[in-house]
Amino acid sequence: MDTDLNTLRDEICRVGRSLFARGYVHGTTGNISARVPAGHGGGFLITPTDASLGDLDPVRLAWVGDDGIQRDGDRASKTLVLHRRIYQAAPWAGCVLHTHSRHLVALTLRGAWRDDDILPPLTPYQVMKVGHVPLIPYCRPGDPAVGEQVAAWIARHAADGRALHAVMCERLGPQVWHETPAAAMAVLEELEETAALWLLGDCRALPLDEIHIDELRRHFKALW
């Protein structure tokens, strides 16, 4: 993602406003970070602590170096440690976002499908666009142990030739990453919608069977 710094700042704010306006975050919950290309200074941009994603100021976003030292902007979100760990474990990722999406949080309060997949494979676009989403057991917000658990899941999937795009933190919300902020938001949207459908059906819908999943692998390279 070879995007200049100002364009990247604006894109983070655009995504934040969109998520806030549609209720994916509320109050000052959630955060977004993006990797700054080396040619534009390197490091990461991340939303400030206690900032509302609906009212972000591009110039106040925290700019943090690869070494974790802040260069500019307001004080970085406390989830900076987790975001940096995800970028280390998934070098292809250009953006990480975290929300308190209502249906996904409700899902963990009710009980996820299983620890390595919070949802069964219900729809073809979930299988193609989201993939597996493991559950991270509850830890306090900002606990560095979460980063190690997420990195372990990323490595486990990479060993099987699959790219992991999201995990679900119990009682808190999803962590989603992709190449760009827009792509990460698209994964989140599909994941939250699938959780809503699962809950709407009282968590009784039958999953897609292996024949149909294999068809998605063959036709669309779904890494399920």
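Residues numbered from 1 in each chain as written. Predicted model: local features only at pLDDT ≥ 70, side-chain atom pairs only at ≥ 80, totals over all residues. Heavy atoms only, no water.

- As recorded by an unreviewed UniProt entry, the chain carries the name Aldolase and is attributed to Bordetella bronchialis.

1. What about the environment of I32?
Okay, step 1: Residue position: I32 is located in strand β1 (residues 31–35).
Okay, step 2: C-alpha separation for the pair I32 and L97, spaced 65 residues apart in sequence, amounts to 4.3 Å.
Okay, step 3: Residue contacts for I32: discarding those within four places in its chain leaves I12, V15, G16, L19, L45, I46, T47, L53, H83, C95, V96 and L97. (Helix = DSSP H or I, 4+ residues; strand = E, 2+ residues; numbered from the N terminus. Contact = heavy atoms within 4.5 Å.)

2. Focus on the pairing of strand β7 (residues 166–169)
Okay, step 1: Here β7 shows two buried faces, one formed by A166 and M168 and the other by V167 and C169.
Okay, step 2: One ladder, built from four bridges, connects β7 with strand β8 (residues 173–178); its direction is antiparallel. Bridging from a neighbouring strand, A166 pairs with V176 of β8.
Okay, step 3: Where β7 folds back onto β8 in an antiparallel hairpin, the turn is made up of three residues, including R171, whose phi is positive at roughly 70°. (Buried < 20%, exposed > 50% of the residue type's maximum accessible area, 1.4 Å probe, protein only. Pairing = 2+ DSSP bridges.)

3. Some points on the UniProt feature "domain: Class II aldolase/adducin N-terminal" (unreviewed entry) in the chain
Okay, step 1: In this numbering, the UniProt entry assigns the feature "domain: Class II aldolase/adducin N-terminal" (unreviewed entry) to residues 10–199.
Okay, step 2: Helix makes up 38% of residues 10–199 and strand 16%, and the two end C-alpha atoms of the span are 35 Å apart. (UniProt positions renumbered as here; feature names shortened; annotations may be inferred.)

4. A few points about empty space enclosed by the protein
Okay, step 1: Per the stated rule, a full pass over the model turns up one cavity of 30 Å³ or more.
Okay, step 2: Taken as a whole, the largest cavity encloses approximately 30 Å³ of empty space. (1 Å grid on protein atoms, 1.4 Å probe; cavity = no way out; pocket = protein on both sides within 12 Å on 5 of 7 lines; lining within 4 Å. Points joined across faces, edges and corners; volume = space filled by probe spheres on them.)

5. Digging into the nonpolar core
Okay, step 1: Ranked by internal contacts, the top residues of the largest apolar core, which has 38 residues, are L19, I32, I118 and L191.
Okay, step 2: V96, I154, V167 and W177 belong to the second largest nonpolar core, which has 18 residues in total. (Core = buried A, V, L, I, M, F, W, Y, C linked by side-chain atoms within 4.5 Å.)

6. Notes on helix α7 (residues 210–220)
Think of an α-helix as turning once every 3.6 residues; residues three or four places apart then point the same way.
Okay, step 1: Sitting at the amino-terminal end of α7 is D209, which places a side-chain oxygen 3.2 Å from the backbone nitrogen of I211.
Okay, step 2: Two residues or fewer past α7, K221 is found with a positive phi of approximately 60°. (Polar contact = N/O pair within 3.5 Å; in protein donor to acceptor, adjacent residues only side chain to side chain.)

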